[in-house]
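Inside the fold
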Amino acid sequence: MSRDILSSLRPALVMTLLFALLLGLAYPLAITGVGQLVFPRQANGSLITDKGKVVGSELLAQGFVSDRYFHPRPSAAGKGYDPLASGGSNLGPASQALHDRVAGDIKALKASAPEARVPLDLVTASASGLDPDITPEAALYQLSRVARARGIGEDRLRMMVKDATAHPLLGFLGEDRVNVLMLNRQLDAESAKPSR
């Protein structure tokens, strides 16, 4: 009897070990290797460096609070924009806490542009709390504040937003979006240029 059990268990144990090695070790190593060969920058997190120092990633939002910068969506990740605590607030539409936070954000945003409608993505967090993109409308909503703080013409900023706008993949996958970190880096580079 015990011999029958052993002979029945052996194939199961061998297959478990084989698939553990194959799917738990060989496959991840192969995919990592292909990623490093074909897309090394993306496979390593699309990191952005400045003078050899990592300043962020194209894939993760950062909190910008200065009026000199475009602001991303609000974040519910940890204490805000924490990549180790990615996640939404899980507050539902009937939540008073969510209502109060959104109302406060709208009031604060209306102070800089009282006549304009506040874009939804400037007052709602993404599911991850780390979405690096905003809509072009959300970027354009912030034009006057950034222009005043930097002393740059709104027309120039509008062109920068237009140039920083990424369009849907293949014309229909996704939506128009602006990566806030990349736009803010472009802003800093523009401000660093000597004026003519």
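Anyway, here's the lowdown on the structure attached to this text. Keep in mind that what you see is a predicted model, and the values were worked out from it rather than measured. (Residues numbered from 1 in each chain as written. Predicted model: local features only at pLDDT ≥ 70, side-chain atom pairs only at ≥ 80, totals over all residues. Heavy atoms only, no water.)

Further remarks concern the overall build of the protein. Per the secondary structure count, the protein includes 7 helices and 5 strands. Counted from the first residue to the last, the protein has its helices and strands arranged as α-α-β-β-α-β-α-α-α-β-β-α. For the protein, whose C-alpha radius of gyration is 24 Å, the value lies well above the compact-globule estimate of 16 Å for 196 residues. The C-alpha extent of the protein, read off along each of the three principal axes, is 85 × 50 × 35 Å. With 196 residues in all, the protein has 29% of them scored as buried. The long-range fraction of contacts in the protein, counting pairs at least 24 apart against all pairs at least 6 apart in sequence, stands at 56%. Accessible surface, the protein as shown: approximately 13,000 Å² in total, 63% of it carbon and sulfur. (Helix = DSSP H or I, 4+ residues; strand = E, 2+ residues; numbered from the N terminus. Rg over C-alpha atoms; globule rule 2.2 N^0.38 Å. Buried < 20%, exposed > 50% of the residue type's maximum accessible area, 1.4 Å probe, protein only. Contact = heavy atoms within 4.5 Å. Areas by Shrake-Rupley, 256 points an atom, 1.4 Å probe, with all protein chains shown as cover.)

Right, let's talk about the environment of Ser75 for a bit. The residue Ser75 is located in the loop between strand 2 (53-57) and helix 3 (96-110) in this model. For the pair formed by Ser75 and Phe39, sequence separation is 36 residues and the distance between their alpha carbons is 29 Å. Discounting chain neighbours no more than four positions away, the residues touching Ser75 are Gly80, Tyr81, Ala125 and Gly129.

Each aromatic ring pair is characterised by the separation of its centres together with the angle its planes make. Counted according to the given criterion, the structure contains 1 aromatic pair. Ring geometry for Phe64 and Tyr69: centres 5.3 Å apart, planes at 40°, overall tilted. Note on accessibility: Phe64 and Tyr69 belong to one class, buried. (Phe/Tyr/Trp six-rings, centres within 6.5 Å; stacked < 30°, edge-to-face > 60°.)

All told, the structure shown has 7 salt bridges when counted by the stated rule. For Arg101, the salt bridge goes to Asp105, with nearest N and O atoms at 2.6 Å. Separated by 4 residues within a single helix, Arg101 and Asp105 lie in helix 3, roughly one turn from each other. In this structure, Arg158 and Asp155 form a salt bridge, with 3.2 Å as the shortest nitrogen-oxygen distance. Here Asp155 and Arg158 lie together in helix 6 (residues 154-164), a separation of 3 residues that amounts to about one turn. By relative accessible area, Asp155 is classed as exposed at 59%. Linked by salt bridges that have partners in common, Glu154, Asp155 and Arg158 make up one network. (Salt bridge = Lys/Arg side-chain N within 4 Å of Asp/Glu carboxyl O.)

This part is about the side chain of Arg150. Of note, Arg150 is situated in helix 5 (residues 143-150). Relative accessible area serves as the criterion here: at 11%, Arg150 is assigned to the buried category. Each residue touching Arg150, except ones within four places of it in the same chain, is listed here: Arg68, Tyr69, Leu187, Asp188 and Ser191.

Here we take up the nonpolar core. Counting 27 residues, the largest nonpolar core has Phe70, Leu157, Val161 and Leu187 as the members making the most contacts within it. Sorting the residues of this core by element identifies helix 3, helix 4 (136-141), helix 5, helix 6 and helix 7 (180-192) as the ones contributing at least two each. Sorting elements by how many residues they give to this core places helix 7 first, with 4 residues. (Core = buried A, V, L, I, M, F, W, Y, C linked by side-chain atoms within 4.5 Å.)

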